[in-house]
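Reading the structure
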Amino acid sequence: MSKQTKTKLAALLFLAALPAINAFGGIFVITDDAAPAGTGDLEVTLNWEASATTDHRHCLSIAPAVEFAYGATETLEIAASLDFGHEYMSTRYARKIAESRTHDFNFTGISVALKNMILDPENQELPFGLSLTGGFSWAFAGADQSSARDITFELGLIFQKNLLNNDLVLAFTPVVAFSSAKGDPADGSTDSTFDSTEYSLAAGASYHVGNGFRVGFEGVYSIVYAADGFDDDQFYAGPNCCYEAENWWLTVTVAPRLFTSADDILIAGQFGYVF
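Residues numbered from 1 in each chain as written. Predicted model: local features only at pLDDT ≥ 70, side-chain atom pairs only at ≥ 80, totals over all residues. Heavy atoms only, no water.

**Regarding the overall build of the protein**
Threshold: In this description a helix means any DSSP run of H or I spanning at least four residues, a strand means any run of E spanning at least two, and both kinds are numbered starting from the N terminus. For each residue, the accessible area found with a 1.4 Å probe, counting protein chains only, is set against the maximum for its type, and the residue is called buried under 20%, exposed over 50%, and partly exposed in between. Between two residues, a contact is recorded if the distance between any of their heavy atoms is within 4.5 Å.
Broken down by element type, the protein carries 1 helix and 13 strands. Tracing the protein from N to C terminus, the helices and strands come up as α-β-β-β-β-β-β-β-β-β-β-β-β-β. The buried share of the protein, reckoned over its 275 residues, is 42%. Sequence-distant contacts in the protein: of pairs separated by 6 or more residues, those separated by 24 or more amount to 56%.

**Some points on the environment of Tyr207**
With respect to the helices and strands, Tyr207 occurs in strand β9 (residues 193-210). Since its relative accessible area comes to 37%, Tyr207 is described here as partly exposed. C-alpha of Tyr207 to C-alpha of Val169: the two residues are 38 residues apart in sequence and 6.4 Å apart in space.

**With respect to unusual backbone geometry**
The phi dihedral of Asn211 falls on the positive side, at around 55 degrees, and the residue is not glycine. Mapped onto the elements of the fold, Asn211 is located in the loop between β9 and β10 (213-226). Positive phi is not limited to glycine here, since Phe259 has a value of about 60 degrees. Summarising the element assignment, Phe259 is placed in the loop between β12 (248-256) and β13 (264-274). On the basis of relative accessibility, which here comes to 77%, the residue Phe259 falls in the exposed class.

**Here's the deal with the pairing of strand β7 (residues 147-163)**
Filter applied, for reference: DSSP-based pairing: two strands are paired if at least 2 bridges between them are found.
With 12 bridges joining them, strand β6 (residues 129-141) and β7 adopt antiparallel strand pairing. Bridging from a neighbouring strand, Ala141 pairs with Ser147 of β7. As defined by bridge partners, β7 adjoins strand β8 (residues 168-182) across 11 bridges and the pair is classed as antiparallel. If you follow Lys161 over to β8, its bridge partner there is Leu170. Following β7, the chain reverses through 4 residues before pairing antiparallel with β8; Leu164 in that reversal takes a positive phi of roughly 55 degrees.

**So, the packing of aromatic side chains**
Worth spelling out the cut-off: Each Phe, Tyr or Trp ring, with Trp reduced to its six-membered ring, pairs with another whose centre is within 6.5 Å; inter-plane angles below 30 degrees give stacked pairs, above 60 give edge-to-face pairs, and intermediate values give tilted ones.
Under the definition given, this model contains 14 aromatic pairs. Summarising the aromatic geometry, the rings of Phe136 and Phe153 are spaced 5.1 Å apart at their centres and angled 45 degrees between planes, so their arrangement reads as tilted. Of this pair, Phe136 sits in strand β6 while Phe153 sits in strand β7; the two residues are 17 residues apart in sequence, bridging distant segments of the chain. With a relative accessible area of 28%, Phe136 lands in the partly exposed category.

**Considerations on the pattern of salt bridges**
What counts here: Definition used for salt bridges: Asp or Glu carboxyl oxygen within 4 Å of a side-chain nitrogen of Lys or Arg.
With the rule as written, the count across this model stands at 2 salt bridges. Here Arg257 ties to Asp232 by a salt bridge, and the two come within 3.9 Å at their closest N and O atoms. Highlighted residues: Arg257 in the loop between β12 and β13 and Asp232 in strand β11 (residues 229-244), separated in sequence by 25 residues. Residue classification places Asp232 among the partly exposed residues on the basis of a relative accessible area of 22%. Between Asp264 and Arg257 there is a salt bridge whose closest N-O contact spans 3.4 Å.

**A word on the side chain of Asn162**
Selection rule: Polar contact is defined as a pair of N or O atoms within 3.5 Å, subject to the rule that within protein one atom must be able to donate a hydrogen and the other to accept it, and that residues adjacent in sequence are counted only when both atoms are side-chain atoms.
Tracing the backbone shows Asn162 in strand β7. Polar contacts involving the side chain of Asn162 include one to the side chain of Gln160, which spans 2.8 Å. A distance of 3.0 Å separates a polar atom in the side chain of Asn162 from a polar atom in the side chain of Asn166.

**Structural notes on the confidence of the model for the protein**
In low-pLDDT segments, the atomic positions of the prediction should not be examined closely. Applied cut-off: A score between 0 and 100, pLDDT records how confident the predictor is in each residue.
Averaged over every residue, the pLDDT of the protein is 81; residues scoring 70 or more account for 80%. Of all secondary-structure elements in the protein, the lowest mean pLDDT belongs to helix α1 (residues 3-16), at 37, while strand β3 (residues 65-71) reaches the highest, 94. In the model, residues 1-27 has pLDDT below 50 throughout and makes 86 contacts with residues more than four positions away in sequence or in other chains.

This is the structure in structure tokens:
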């Protein structure tokens, strides 16, 4: 695999590590994580996910998305999102590299997904809540307006347990994703196609401290295999904070990459409203 392809893959992995509370499941913990949108309700959500890297240079990759989720039945949610990309890189403090900056933004692709609730997380007679998620995403461009063909199929489970009269929420989400990424042929790369399988385990806890505020902690471990075997693994963990009102919510998490010399951090936020 070329160095250029690995660099692109690493950027994708940073953002894939935190899928947020969208229809693909995720590691944010709120009270309806394992449940679909209410029947007939439309949830509109703005997702903001970013990875920042500093190593004598500054790199910021942001993946904002606008998601629409509809409660088709009591147990089935259908969702679609418009995905965008924003990339900023400055080599102002890099050693032996001339100062330069790039600043790109573009509409990069679309995603669709389903969430089907098998066990209701708020039913105290059940041992836990459980939902099955599946999705498809297609990225047809990069943030720098280069052409791309990044296709991902994703399957996951959301396990959720509510305790202490729903004040304490525990969640666990295993996910497997199959991806095929193809870069811009204009870059001259001879191996611009990269197929991979990613396994991730996300877990978190959230506690209601009063007046709609919840605080907690969450983490995600992901491991990627390419055609020639193991390619990379990553572990991110950090605190989260969520505010829930009657018809809307706002949640934020900050998760540095741990057990590595890489200076990376993931920052994610979500604002959602129910119509």
